[in-house]
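Examination of the molecular architecture
The residues making up each chain are set out below.
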Amino acid sequence: MARPRKPLLSRERIVTTALALIDAEGLPALSTRRLAAELGVSGPSLYNHFTTKDEILDAVADTVIAQVDVSTLATGADWRAGLLDWARSYRAALAAHPHVVPFLAQGPGRRPAGLRMADAAFGGMVEAGWPPALATKVCAMVRYFVAGSALGSFARGFVDDPGAYDPADYPHLGQAHLLAEHQRRVDEGAFEAGLEALVDGLTLHHPELGPPDIEFRPRG
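Residues numbered from 1 in each chain as written. Predicted model: local features only at pLDDT ≥ 70, side-chain atom pairs only at ≥ 80, totals over all residues. Heavy atoms only, no water.

**A few points about the pattern of salt bridges**
- This model, assessed by the stated rule, comprises 8 salt bridges.
- We note a salt bridge from D200 to R80, for which the minimum N-O separation is 2.4 Å. Here the residue D200 occupies a position in helix 9 (residues 183-205), and R80 occupies one in helix 5 (residues 79-95), the gap between them amounting to 120 residues.
- Taking relative accessible area as the criterion, D200 reaches 14% and is therefore assigned buried.
- A salt bridge links R184 to E188, with the nearest nitrogen and oxygen atoms 3.1 Å apart. Here R184 and its partner E188 are both found in helix 9, 4 residues apart, which amounts to about one turn of the helix. (Salt bridge = Lys/Arg side-chain N within 4 Å of Asp/Glu carboxyl O. Helix = DSSP H or I, 4+ residues; strand = E, 2+ residues; numbered from the N terminus. Buried < 20%, exposed > 50% of the residue type's maximum accessible area, 1.4 Å probe, protein only.)

Structure follows, in structure tokens:
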């Protein structure tokens, strides 16, 4: 009986396996030796598709960024709605793969999906009437905000032991042990509140670039 054939090695399979490994164990777990073992191949076979580990990381990062939807902002029709949609989609992509965020925070480099996202965001803001210098700063500000919010959970930073928050030492943290229990609501609520404040602040500082009849209403 013929032996079952191993799945053909491809760039897509390498990247998918590398991302799964990073998701499960973090960036330090990724090495070409470990990745080859996960794929069931010899280490040198990876070099038929990628010449270095950094190239693999770039491809992994670009796979994550390719999930970000910038379509609303790219039209330039409504920069405020565009920024909100972009930031929410951006955070969703990063929050699904938080271990990759430190690498992504370094910027798009030469990665195609990252550059397409940057081009669409910047172009959409300029099309909406923002001066290029200001558009650059706004896009950078959104990237800082999203990356920071996706890097970790604020709520999970507090232990669920009431005894950890002695009122004699921390008189205002009597309910802090409950935060982890409501992680999603706390973290997503904080992101939404901050995002709305950020975009509303841009409108207040630059009213000439936004419609005068905008009604600000938080989501949810």
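**Notes on the environment of L46**
- Looking at the secondary structure, you find L46 in the loop between helix 2 (32-39) and helix 3 (53-65).
- Residue classification places L46 among the buried residues on the basis of a relative accessible area of 1%.
- Each residue touching L46, except ones within four places of it in the same chain, is listed here: L9, I14, T32, L35, A36, L39 and V41. (Contact = heavy atoms within 4.5 Å.)

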